[in-house]
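One letter stands for each residue in the lines below.
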Amino acid sequence: MYFPVLCYFLGGYLLLASLWLLVTPDGYRNLARRWIPEKRPAWFLVTGAIWTLLVVWTWWKAFEAPTAPALIVAAVLSLSMIKIAALFFNYAGFRIFAGEFLDCPNGILRTLAGIYLAMAGLLIALGIAWG
């Protein structure tokens, strides 16, 4: 039951984020800039710690019942730890990278949105297959 719910949650998030990015790239940029202020907010550490626990728990569940889809979801989720590590240990560098990314042309953001859509479809399909 854990993996289908996780797939639906992450797939739904990616679906909404990609649609928002496609429809209003400037709105996405403005919100992202507000979420990444000059001084790191305390809630970044809290959400980063919670996300880290989620990744660890996901690997635990994947090793309890090792199936290819469970290991794929755990591995994909682990990739997000690169961003979490940057938020924890090099916030200033992360902020510079994010600012440069947000300044890229709309075409690149739309390409990213397409990748998000593909990942959302894969995760939702995995959730349906597990369900």
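S.K.: Account for the packing of aromatic side chains, naming residues and giving values.
M.R.: This model, assessed by the stated rule, comprises 7 aromatic pairs. Taking 5.3 Å as the distance between ring centres and 75° as the angle between the ring planes, the aromatic pair formed by tyrosine 2 and phenylalanine 3 counts as edge-to-face. The exposure class of tyrosine 2 is partly exposed, given its relative accessible area of 22%. With 5.8 Å between their ring centres and 75° between their planes, phenylalanine 44 and tyrosine 91 make a pair best called edge-to-face. You can see phenylalanine 44 sitting in helix H3 (residues 42–64) and its partner tyrosine 91 sitting in helix H6 (residues 91–102), a full 47 residues away along the chain. Tyrosine 91 matches phenylalanine 44 in its accessibility class, with the two residues each being buried. Grouped by ring-pair contacts, the aromatic residues Tyr2, Phe3 and Trp130 constitute a single cluster.

S.K.: I'd like a rundown of a nonpolar patch on the surface, residues and numbers included.
M.R.: Together, Leu15, Leu19, Leu22, Val23 and Leu117 make up an exposed nonpolar region whose accessible area comes to about 390 Å². Looking at which element gives the most residues to the nonpolar patch, the answer is helix H1 (residues 2–23), with 4 residues. Mapping leucine 15 onto the fold places it in helix H1. The exposure class assigned to leucine 15 is partly exposed, which follows from its relative accessible area of 33%.

S.K.: Lay out the layout of surface pockets with the relevant residues and their values.
M.R.: Sizing a probe to match a water molecule and rolling it over the atoms shows the empty space that remains. Space inside the largest pocket adds up to approximately 1,600 Å³. Lining the largest pocket are 36 residues; nearest its centre among them are Tyr13, Tyr28, Ser80, Lys83 and Tyr116. Among the secondary structure elements, those contributing two or more residues to the lining of the largest pocket are H1, helix H2 (25–35), H3, helix H4 (68–79), helix H5 (81–89), H6 and helix H7 (106–130). Across the lining of the largest pocket, the residue classes tally to 32 nonpolar, 3 polar and 1 charged.

S.K.: Give a detailed account of the pattern of salt bridges, specifying residues and quantitative values.
M.R.: Here the structure, examined in full by the defined rule, presents 3 salt bridges. A salt bridge links lysine 61 to glutamate 64; the nearest nitrogen and oxygen atoms lie 3.5 Å apart. Of this pair, lysine 61 and glutamate 64 both sit in helix H3, 3 residues apart, which is roughly one turn of the helix.

What counts, and at which threshold
- The residue numbers shown here count from 1 along each chain, following its written sequence.
- The predicted origin of the model limits local features to residues at a pLDDT of at least 70 and limits the giving and counting of side-chain atom pairs to 80 or more, whereas totals for whole chains, interfaces and linings rest on all residues.
- Hydrogens and waters are ignored; side-chain quantities use all the structure's heavy atoms.
- Pairing of aromatic rings covers Phe, Tyr and Trp, the last counted by its six-membered ring, and requires centre-to-centre distances within 6.5 Å; plane angles under 30 degrees mean stacked, over 60 mean edge-to-face, and any other angle means tilted.
- Accessible area is worked out with a 1.4 Å probe on protein chains only. A residue is then buried under 20% of its type maximum, exposed over 50%, and partly exposed in between.
- Each helix is a run of DSSP H or I of at least 4 residues and each strand a run of E of at least 2, with the numbering of both proceeding from the N terminus.
- By definition, no residue in a patch forms a salt bridge, and every one has over 30% relative accessible area; like charges are joined within 9 Å, nonpolar side chains (Val, Leu, Ile, Met, Phe, Trp, Tyr) within 5 Å.
- Only the protein chains shown count as cover for residues, and the accessible areas themselves come from Shrake-Rupley with a 1.4 Å probe.
- A pairing counts as a salt bridge when a side-chain nitrogen of Lys or Arg comes within 4 Å of a carboxyl oxygen of Asp or Glu.
- For each structure, a 1 Å grid was placed over the protein atoms alone; sets of points admitting a 1.4 Å probe that cannot get out are labelled cavities, open sets with protein on both sides within 12 Å along at least five of seven lines are labelled pockets, and lining residues have an atom within 4 Å of a point.
- Grid points are joined across faces, edges and corners, and a volume is the space filled by probe spheres set on the points.
- In this count, Pro and Cys sit with the nonpolar residues alongside Ala, Val, Leu, Ile, Met, Phe, Trp and Tyr, while Asp, Glu, Lys and Arg are called charged and the others, Gly among them, polar.

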